[in-house]
Amino acid sequence: MTADRAPLAEGIPDRLYGRRRGHPLRPRQQRLLDLTLPRLRLTMAEAAAPRAAFGRPVEGLWLEVGFGGGEHAHALFGANPAIGYIASEVFENGLCSLLTRLVAEGEEATGALPPNLRIWPQDARHMIGALPEAALDRLMLMFPDPWPKARHAKRRFVNAGLLPAVARAIRPGGEWRIASDDPTYQAWVAEVMADQPFFDGPPPAATRPEGWPPTRYEAKALREGRQPLYWSFTRR
């Protein structure tokens, strides 16, 4: 393990695909990354004892992988102040979208921040590998990049090679939520999760369950006529 990278499972590409930045950052966005993000950033050393990273006792630990625009994460950590919430995203514009909700313009370096939020702006797979066993009470993967081409299947977070590491990090009885509107990814989740020894779960729901905040990706899917599916798996 290096300072910021825990080893991945054999056969999992140790390379992060996809965009890190979209349109050029505006001055406000750059200040958020330079001044606000470091105040919330979870380090690899802290990942080894994540509850201590919040500076106060927390009743549980939740991780969202790829929070996109941040609306789902913002709703959940706001509604659950006793939960330690780790939000992971590498796309800089997505990071800015969440950070801009937290501090007023001009207060990027000084504005009060949610005490129950930490951000991991790197490949979440490395952080999962550094977490203590059974650290997470909930893992959330909301509308991930589907990587629809078959040759790109190993890039998908739901992956048979990554399952042991994910399962190790979730406590028995803990929950893994997955949502996707992409037919290829939906079929992939069904295939991968049908033949594994770590998680149990009912068939996916076709309507968003209570307690699952909406996301912009879900709204776009519904506007364009795609049917999202929502899985809730329980760690055996």
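Residues numbered from 1 in each chain as written. Predicted model: local features only at pLDDT ≥ 70, side-chain atom pairs only at ≥ 80, totals over all residues. Heavy atoms only, no water.

A. Region of the structure containing the sheet that holds strand S6 (residues 199-200). Pairing is mixed across the open sheet formed by seven strands, whose spatial order is S3-S2-S1-S4-S5-S7-S6. Strand pairing shows two members of the sheet lacking a second neighbour, strand S3 (117-120) and S6, which therefore form its edges. Two elements, strand S1 (residues 60-65) and strand S2 (residues 83-88), share six bridges in a ladder whose sense is parallel. Residue pairing across strands places Trp62 opposite Tyr85, the latter belonging to S2. Packing of helix H7 (residues 183-194) onto the sheet brings it into contact with strand S4 (136-142), strand S5 (170-180), S6 and strand S7 (229-235), and relative to S7 it is tilted by some 20°. (Pairing = 2+ DSSP bridges. Helix = DSSP H or I, 4+ residues; strand = E, 2+ residues; numbered from the N terminus. Contact = heavy atoms within 4.5 Å. Axes fitted to C-alpha atoms, helices over the stretch in contact; angles between N-to-C directions.)

B. Examining the environment of Arg168 more closely. By secondary structure assignment, the location of Arg168 is in helix H6 (residues 163-169). Classification of Arg168 by relative accessible area gives partly exposed; the value is 28%. Sequence spacing of Arg168 and Pro214 is 46 residues, and the spatial spacing of their C-alpha atoms is 28 Å. Every residue in contact with Arg168, bar those within four places of it in the chain, is listed here: Ile128, Gly129, Ala130, Leu131, Pro132, Glu133, Ala134 and Arg235. Polar contacts involving the side chain of Arg168 include one to the main-chain carbonyl oxygen of Ile128, which spans 3.1 Å. A polar contact is formed between the side chain of Arg168 and the backbone oxygen of Gly129, at a distance of 3.4 Å. (Buried < 20%, exposed > 50% of the residue type's maximum accessible area, 1.4 Å probe, protein only. Polar contact = N/O pair within 3.5 Å; in protein donor to acceptor, adjacent residues only side chain to side chain.)

C. Fine view of the nonpolar core. Phe157, Val158, Trp176 and Phe199 are the most contacted members of the largest nonpolar core, which has 40 residues in total. Elements supplying a minimum of two residues to this core: helix H2 (44-47), S1, helix H5 (124-130), S4, H6, S5, H7 and S7. A total of five residues in this core trace back to one element, the largest contributor, which is H7. Every residue in contact with Val158, bar those within four places of it in the chain, is listed here: Leu141, Trp176, Ile178, Tyr185, Trp188, Val189 and Val192. By size, the runner-up hydrophobic cluster in this structure holds 28 residues, among which are Leu40, Leu113, Leu117 and Ala179. (Core = buried A, V, L, I, M, F, W, Y, C linked by side-chain atoms within 4.5 Å.)

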